[in-house]
Structures are given as structure tokens and as C-alpha cells.
Amino acid sequence: YGRLVLELAKAGIHSYGYELNVWLVMWSKLGVYYGGVKNVAHFRRENLWRVNLQNYDVVVVFGVAEMMTELENKFKSELNKGVSVISGRFPLKRNPEKVFGESAEKIWLYKY
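Structure report, in brief. Just so it is clear, the model here is predicted, and its values are computed rather than measured. In this numbering scheme, every chain counts its residues from 1 along its sequence in written order. In view of the model being predicted, local features appear only for residues whose pLDDT reaches at least 70, and side-chain atom pairs are presented and counted only at 80 or more, with totals across whole chains, interfaces and linings using the full set of residues. To get the side-chain values, all heavy atoms of the structure are used, and hydrogens and water are removed first.

Let's talk about helix α3 (residues 68-78)
- Every buried residue belonging to α3 is among Met68, Leu71, Glu72, Lys74, Phe75 and Glu78, and all of these are buried. Down the axis of α3, the sector holding all buried residues measures 155 degrees, keeping them to one side. The outward face of α3, more than 90 degrees from its buried face, is lined by the exposed residues Lys76 and Ser77.
- Check the buried side of α3 and you find it contacts β3 (58-61) and β4 (84-88). For each residue, the accessible area found with a 1.4 Å probe, counting protein chains only, is set against the maximum for its type, and the residue is called buried under 20%, exposed over 50%, and partly exposed in between. Strands are runs of DSSP state E lasting at least two residues, helices are runs of H or I lasting at least four, and both sets are numbered from the N terminus onward. Think of it as the arc spanned by the lines of direction from the helix axis to the C-beta atoms. Throughout, a residue-residue contact means that at least one pair of heavy atoms, one from each residue, lies within 4.5 Å.

Remarks on a nonpolar patch on the surface
- Residues Tyr1, Trp27, Leu30, Tyr33 and Tyr34 make up a contiguous nonpolar surface patch of about 700 Å² in total accessible area.
- Looking at the element boundaries, tyrosine 34 is found in helix α2 (residues 22-35). Nonpolar side chains (Val, Leu, Ile, Met, Phe, Trp, Tyr) within 5 Å and like charges within 9 Å form the patches, drawn only from residues with over 30% relative accessible area and no salt bridge. Residue burial considers only the protein chains on display, and all accessible areas are found by Shrake-Rupley using a 1.4 Å probe. Salt bridges are identified by distance alone: a Lys or Arg side-chain nitrogen within 4 Å of an Asp or Glu carboxyl oxygen.

Considering the packing of aromatic side chains
- In summary, the pairing rule links any two rings of Phe, Tyr or Trp, Trp by its six-membered ring, whose centres are within 6.5 Å, and it sorts them by plane angle into stacked for under 30 degrees, edge-to-face for over 60 and tilted for everything else. Under the counting rule described, the total for this entry stands at three aromatic pairs.
- A ring pair is formed by tyrosine 16 and tyrosine 56, whose centres lie 6.0 Å apart and whose planes are at 70 degrees; its orientation type is edge-to-face. In this pair, tyrosine 16 sits in strand β1 (residues 15-19) while tyrosine 56 sits in the loop between β2 (41-45) and β3, placing the two residues 40 residues apart along the sequence.
- Residue classification places tyrosine 16 among the partly exposed positions, given a relative accessible area of 33%.
- Each ring, one from tyrosine 33 and one from tyrosine 34, has its centre 5.0 Å from the other, and the planes form 85 degrees; the classification is edge-to-face.
- Taking relative accessible area as the criterion, tyrosine 33 reaches 59% and is therefore assigned exposed.

Topic: the pairing of β2
- Should DSSP find at least two bridges between two strands, the strands are regarded as paired. Sheet topology note: the β1/β2 ladder contains five bridges and is parallel. Looking at the pairing, serine 15 lines up with alanine 41 of β2.
- Seen with its strands pointing away from the viewer, a crossover is right-handed when the path leading from the first strand over the helix to the second is clockwise. Between the parallel pair β1 and β2, the chain is carried across by α2, and the sense of this crossover is right-handed.

Focus on the pairing of β4
- Burial analysis of β4 places four of its five residues in the buried class, the great majority of the element.
- Pairing analysis gives four bridges linking β3 to β4, with the strands arranged parallel. Paired with valine 61 across the strands is serine 87, a residue of β4.
- As a crossover connection, the stretch from β3 through α3 into β4 is right-handed.
- Pairing analysis gives five bridges linking β4 to strand β6 (residues 107-111), with the strands arranged antiparallel. Its bridge partner being in β6, valine 85 is matched across the sheet by tyrosine 110.

As C-alpha cells, then:
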């Protein structure tokens with residue numbers, strides 16, 4: 001439900017979440033409202049494959065195993081040098097800078 005976007009927004013970092021599932025977008029927008037971060041956190045119902053990631057400094061993704069290779073190709077073509085990518089649940093093929101957590105809670109940090 002956009003937990004990380006909301007936490008980043010509470011820290012004052014402008015954050016955007018993209019999701020196709022309308023119910024998850026609505027739930028996330030409730031979190032924005034009740035979290036008091038309506039000017040900092042934004043959720044949109046949009047296809048991630050159509051979003052240009054070129055202007056982002058940090059990208060967080062909670063994808064599925066089947067999309068990770070194609071997603072890594074998108075990152076290589078759109079992200080600027082120095083962008084951090086945080087991946088939850090499933091890793092990218094490249095070597096991570098750091099790994100946090102265990103099992104289903106594992107998170108990988110990458111630098112592009």
C-alpha cells in the first residue's frame with residue numbers, strides 16, 4: 001500500500017508511487033491523507049512500463065520475478081548515473097551494493 005513512499009514523504013522527500021491496481025492506489029491515497037503528507041507523497045494509477053524514470057534520484061520497486069530482467073533493462077536505458085534502486089522481494093541480476101533483511105523481507109540496494 002505504498003508504505004515506503006509514505007515513510008519517505010514523512011521524512012520530507014517528494015515521493016511518487018505507480019500502481020495498476022485501482023484499490024491499492026485508493027488505499028495508498030488514504031495513507032497520504034491520514035499521514036498528513038498530501039503535498040509530498042503522490043500515487044498514480046499508471047503502468048510502470050510507460051513511466052519515464054529519467055528524473056528520479058531513487059527508485060523503489062516491489063515487482064515479481066518474471067519482470068525483473070525487463071525492469072533492469074528499463075533501468076539501464078532510463079536512469080541517470082548515480083541513481084539508487086531499492087528492490088524488495090526479488091533481486092536484479094547485477095551485484096547489489098548492500099542487502100538488508102532476510103527471507104521475504106529481504107531488500108537489495110543497487111547503484112546505477
